[in-house]
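# Secondary and tertiary structure notes
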Amino acid sequence: MPVYEATATAPVNIACIKYWGKRDTSLILPTNSSLSVTLDQDHLRSTTTSRADASFEKGDRLWLNGTEENIKEGGRLAVCIKELRGWRREMEEKDGGLPKLSSWPLRIASYNNFPTAAGLASSASGLAALVASLAQLYELPQTPSELSRIARQGSGSACRSLFGGFVAWREGKLADGSDSLAEEVAPRDHWPEMHALICVVSDAKKGTSSTSGMQRTVETSPLLQHRLKVVPDRMEKISKAILEKDFDTFAQITMADSNQFHAVCLDTSPPIFYLNDVSRSLIALIEELNRAALLTTGHLVAAYTFDAGPNCVIYALEPTMRLIISTVNRFFPQEGQFPDPFGLFEGQSMEETALLNGFNGGVIRTGGWEKGAVKSLIHTRVGDGPRRLGKEESLLKEDGTPKTLA
């Protein structure tokens, strides 16, 4: 008997123009367009195996990181599975020779190689991996943009994780959401020098989920209405900056949009606090680095951005990453060893790297932060879209249960 199974990975994406607010909560249609950078799956990824088998007990089952999750009727997972099944069923109706995979129960296992729900876009990569895996299993002909409409209904930002490089999620105008989808702005190899440093301030589950937080903002924040007026211009300018490899403009817009997003959270009633003292101190550090860099070179060297959580993502070009990492580590020392995946500090310790000329360490609290205030540093770069893995990478045993349980 043939085994009908597919395993796919999908990347994390971190937005430069934030998605925050829905105009339709059931279809997950956003109040504004957004734009993100896809990060390298060699460092951050979700992996999902999907298998269809007529011998499975009736009903679909899914495990996330080894723990079984309930696929609620009408819930986001169920909606994604139903839509993809529907496309497969249409293929089977047109071609009677195809196996009737759409009528068989599914067994799905998914793993993240990073903390779930800690502000590292785990739901985005997870839902994108689910959609990519099922699309491969069902051999669907739809384009990544068409698949992104399905991923969007599972987790809004997931639609952007179906592409590599630099990705826009167009808000769309149609009530049915058919024009609310993701598109590639530029591929990874257009600007491969774009790197990112993730400062993991907390790997705990956040207090206010994105879903509930953004709807409170839509209902109560007057500032959100102003934000919706400025985002279209930002989308246009940052897309142009990416195409022209203009880091100064990219950085200015990325930081401005992150700050406005968190201002809107504070303007929500009751206010939503995603940043903490360590987060704000990291902002001060990057602002000071940029001030000193402007004086010496006339250019910015880094851009911070924060999603719905305290973790800081710093975008910078590859030649400046050594300076960025060593400066962060000087004021936010690590308890463990920095992994250094790109070999920036081979033969030399971080402490030996000098501060940027003119940098004022007084912007950080005296003596710096205690070890562990930033739990870990993850150095990565712009990456590719979903990958297809071989059978040997399957997460499922022969009986359809996960190889690893929590």
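An account of the accompanying structure is given in this report. Here the structure is a predicted model, which is why all the values come from computation and not from measurement.

On to the overall build of the chain. Scanning the chain from N- to C-terminus turns up eight helices and 16 strands. For the chain, the C-alpha radius of gyration of 22 Å lies close to 22 Å, the compact-globule estimate for 406 residues. Burial analysis of the chain (406 residues in total) assigns 57% to the buried set. Across the chain, contacts joining residues at least 24 apart in sequence account for 77% of those joining residues at least 6 apart. When the accessible surface of the chain is summed, it comes to about 17,200 Å², and 50% of that surface belongs to carbon and sulfur atoms.

In this section: the pattern of salt bridges. This structure, assessed with the given rule, holds 18 salt bridges. The partner of Glu-183 in a salt bridge is Arg-170, with the nearest N and O atoms 2.9 Å apart. Of this pair, Glu-183 sits in strand β11 (residues 182-186) while Arg-170 sits in the loop between β10 (166-169) and β11; the two residues are 13 residues apart in sequence, bridging distant segments of the chain. Overall, the relative accessible area of 31% leaves Glu-183 in the partly exposed class. Residue class for Arg-170 comes out partly exposed when judged on its relative accessible area of 30%. Through salt bridges that share partners, Asp-40, Asp-42, Arg-381, Asp-384 and Arg-387 make up one connected network.

Next up on the list: the sheet that holds β11. The antiparallel open sheet is built from four strands, whose spatial order is β2-β5-β10-β11. Only two strands of the sheet have a single neighbouring strand rather than two, namely β2 (13-17) and β11. Strand-to-strand twist of the sheet, defined as the mean angle between neighbouring strand axes without regard to direction, takes the value 35°. Here four bridges tie β2 to strand β5 (residues 34-38), and the two strands are oriented antiparallel to one another. In the sheet register, Asn-13 faces β5, and the bridge partner there is Thr-38. Running over the sheet, helix α6 (residues 247-266) touches β2 and β5 and is turned about 95° from β2.

This brings us to helix α1 (residues 76-94). Here α1 contains 19 residues, and its C-alpha end-to-end distance of 28 Å stays within 8% of the 27 Å for a straight helix at 1.5 Å per residue. Of all the residues in α1, the buried ones are Ala-78, Cys-80, Ile-81, Leu-84, Arg-85, Gly-86, Trp-87, Arg-88, Met-91 and Glu-92. Buried-residue contacts for α1 involve β9 (106-112), α2 (122-137) and α3 (144-154).

A large share of strand β6 (residues 45-52) lies buried, amounting to seven of its eight residues. Of the strand pairs in this sheet, strand β1 (residues 4-11) and β6 are connected by eight bridges, and their pairing is antiparallel. Within β6, the position partnered with Tyr-4 by the bridge is Ala-52.

Attention now moves to the side chain of Asn-32. In this fold, Asn-32 is placed in the loop between β4 (29-30) and β5. For Asn-32, a relative accessible area of 1% translates into the label buried. There is a polar contact of 3.0 Å between the side chain of Asn-32 and the backbone oxygen of Lys-18. In terms of polar contacts, Asn-32 uses its side chain to reach the side chain of Thr-31, at 3.5 Å. Setting aside anything within four residues of it in sequence, one finds Asn-32 in contact with Lys-18, Tyr-19, Trp-20, Glu-171, Arg-227, Leu-228 and Val-231.

By the definition in use, this model includes 12 aromatic pairs. A connected cluster of aromatic rings, assembled from ring pairs, spans Phe-166, Trp-191, Phe-247, Phe-250 and Tyr-315. Over the ring of Trp-369 we find Arg-365; its NZ or CZ atom is 3.7 Å from the centre of that ring.

Looking now at the sheet that holds strand β8 (residues 67-69). As summarised here, the arrangement of the six strands in space is β8-β7-β9-β6-β1-β16, forming an open sheet in which the pairing is mixed. On the outer flanks of this sheet lie β8 and β16 (387-389), each paired with one strand and no other. On average, adjacent strands in this sheet sit at an angle of 25° to one another, irrespective of strand direction. Of the pairings in the sheet, the one linking strand β7 (residues 61-64) to β9 comprises four bridges and is parallel in character. Bridge pairing in β9 links Leu-64 to Ser-110. Here α2 sits on the sheet in contact with β1, β6, β7, β9 and β16, set at roughly 150° to β1.

Scoring rules and cut-offs
- Residues numbered from 1 in each chain as written.
- Predicted model: local features only at pLDDT ≥ 70, side-chain atom pairs only at ≥ 80, totals over all residues.
- Heavy atoms only, no water.
- Helix = DSSP H or I, 4+ residues; strand = E, 2+ residues; numbered from the N terminus.
- Rg over C-alpha atoms; globule rule 2.2 N^0.38 Å.
- Buried < 20%, exposed > 50% of the residue type's maximum accessible area, 1.4 Å probe, protein only.
- Contact = heavy atoms within 4.5 Å.
- Areas by Shrake-Rupley, 256 points an atom, 1.4 Å probe, with all protein chains shown as cover.
- Salt bridge = Lys/Arg side-chain N within 4 Å of Asp/Glu carboxyl O.
- Pairing = 2+ DSSP bridges.
- Axes fitted to C-alpha atoms, helices over the stretch in contact; angles between N-to-C directions.
- Expected span 1.5 Å × (residues − 1).
- Polar contact = N/O pair within 3.5 Å; in protein donor to acceptor, adjacent residues only side chain to side chain.
- Phe/Tyr/Trp six-rings, centres within 6.5 Å; stacked < 30°, edge-to-face > 60°.
- Lys NZ or Arg CZ within 6 Å of the ring centre and 35° of its normal.

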